[in-house]
Amino acid sequence: MARNKVVMLSFVFVMVTFPVFHLDVCLADNASRTVSSDSGSLPWTLLKAALFRSPPDRDGTLRFKRIHRDQDFNWKMNNLMGVAKSLGLNSLLELLSRGNLTNLMTGKGNYTLFAPSEAAFSKLPPRLRDVISSDDAFCRQLMLYHMVEKRVSSDVFGNDILFKSLANETFIELDWTEWYKVRVNAYRNDDDNEVMTASGAAIKQTNRLASNGIIHVIDHVMFPFPNITIVERIQIDDDLSIFEYLLWNSTTEAEINALGSYTVFAPTNKAFAEIPEKEYGHLVNDTKLLKKVMERHVIITSIYTASFYENKHLTALDGSELVVVQGPGGTDIYGHGVYGHMLERDLTSSDGVLHKIDSLLWDWRGTLQQGEH
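Residues numbered from 1 in each chain as written. Predicted model: local features only at pLDDT ≥ 70, side-chain atom pairs only at ≥ 80, totals over all residues. Heavy atoms only, no water.

> Can you explain the overall build of the protein? Please cite residues and give values.
Each helix and strand counted, the protein has 16 helices and 17 strands in total. Taken over 373 residues, the protein has a buried fraction of 48%. Contacts in the protein between residues at least 24 apart in sequence constitute 60% of all its contacts with a sequence separation of at least 6. Accessible area of the protein: about 19,500 Å², with a carbon and sulfur share of 52%. (Helix = DSSP H or I, 4+ residues; strand = E, 2+ residues; numbered from the N terminus. Buried < 20%, exposed > 50% of the residue type's maximum accessible area, 1.4 Å probe, protein only. Contact = heavy atoms within 4.5 Å. Areas by Shrake-Rupley, 256 points an atom, 1.4 Å probe, with all protein chains shown as cover.)

Right, dumping it as structure tokens:
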């Protein structure tokens, strides 16, 4: 009998005091939750233990039982459009409206939005800016590429992780539809701090929660679409025709496919034009040397320039070491006595990323004297 009275009194205490408190949903990365009042704060852990009778995590973090959708608890939260507005992402809001995506962003569901900042839109190349300003269908496709149809928080981000976006080649869903994927990478900079990217764009703010999803703010508009492979991107670029020719003379399609996710620093045709004919002929005819030199331009894993810092070391496919050199004139890749200046960067593809450089990483002057084979 006494035990029943204790249980009843405990229940009355919770029911009487609960209205005094209000739920404060923190927007920290761990989404911890507390209950506070004018007189101070009461850990939500205690209230949860009383109401739901399940212990907190070992670190004290509350994890709701999935008996309701997250937004049922976060009833005071803005939807994705509201959160984007609060972050001052006006250009993004305009493109979402022009792409007829307002209803999607304000309705029910769970979405992740990789949201370009205002500064990101100011960095757009003129040609892309012109297309965006004149083509609403393209705007819709571009914005859909920045969206994932599930809530993805930053704690699951890692290296070369792919998330299926809502954009695809056909603009509609078919049985054979190939959806564009957002490639997320995580790196360490020279201060040992983590740098995360989404298809090459640096993620500047994470886990901005909304009632129907989550927003991560990025510093670039994600483009081009990753609808082709690195090799296909090389093939359609007339400025890389010599590099393509040497590529197929030094490797096979099976070897390329076996690489998984990778990075290529591709010299332009002008870079090869600077090599004397005799030395160029030596390179082409020496198959072992050619393979070694070509592999020097490949890195296993996707390396975007947002991860670069001065004196960053990269290990090429042939085992040699490349070094990132940054200065007022831009970024160079140094290897085997040659500096390759980056001309175009972060050309994301379905299997990695392509960068264009202005020199072949092969010191043809010293190489012939030293007898590299």
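> Hey, could you go over the layout of surface pockets for me, with residue numbers and the actual values?
Quantified by volume, the largest pocket comes out at close to 930 Å³. In this structure, the largest pocket is lined by 28 residues; those nearest its centre are Pro125, Leu128, Phe223, Pro224 and Leu347. Secondary structure elements with two or more residues in the lining of the largest pocket: helix H8 (126–134), strand E9 (201–210) and strand E16 (338–349). For the lining of the largest pocket, the leading source of residues is E16, giving five residues. Of the residues contributing to the lining of the largest pocket, the split by class is 15 nonpolar, four polar and nine charged. (1 Å grid on protein atoms, 1.4 Å probe; cavity = no way out; pocket = protein on both sides within 12 Å on 5 of 7 lines; lining within 4 Å. Points joined across faces, edges and corners; volume = space filled by probe spheres on them. Nonpolar A, V, L, I, M, F, W, Y, C, P; charged D, E, K, R; others polar.)

> Outline unusual backbone geometry, supporting the account with residue identities and numerical values.
With an omega dihedral of 10°, the bond running from Phe223 to Pro224 counts as a cis peptide bond. When you line up the elements, Pro224 lands in the loop between strand E10 (213–218) and helix H10 (230–235). At Ser199, a position not held by glycine, the phi torsion is positive, near 50°. Counting through the fold element by element, Ser199 comes out in the loop between strand E8 (194–198) and E9. The residue Asp346 is not glycine, and still its phi comes out positive at about 55°. Along the chain, Asp346 turns up in strand E16. Residue Asp346 is classed as buried on the basis of its relative accessible area of 15%.

> So what's going on with the pairing of E10? Residues and values would help.
Most of E10 is tucked away, with six of its six residues classed as buried. Here E10 shows two buried faces, one formed by Gly213, Ile215 and Val217 and the other by Ile214, His216 and Ile218. By the bridge criterion, six bridges tie strand E4 (residues 111–116) to E10 in an arrangement that is parallel. Each residue of the ladder has a partner; that of Ala115, found in E10, is Val217. For E9 and E10, the ladder comprises five bridges, and the chain directions are antiparallel. Paired with Ile203 across the two strands is Ile218, which belongs to E10. (Pairing = 2+ DSSP bridges.)

> Please set out the nonpolar core residue by residue, giving values where relevant.
Formed by 47 residues in total, the largest nonpolar core has its most connected members in Leu92, Met105, Phe114, Ile132, Phe157, Ile215 and Met222. It is helix H9 (residues 136–145) that provides the largest number of residues to this core, a total of six residues. Aside from chain neighbours lying at most four places away, what touches Leu92 is Ala84, Leu113, Ala115, Pro116, Glu118, Phe121 and Met143. Core analysis: the second largest hydrophobic core is formed by 26 residues, Ala266, Phe272, Val293 and Leu354 among them. (Core = buried A, V, L, I, M, F, W, Y, C linked by side-chain atoms within 4.5 Å.)

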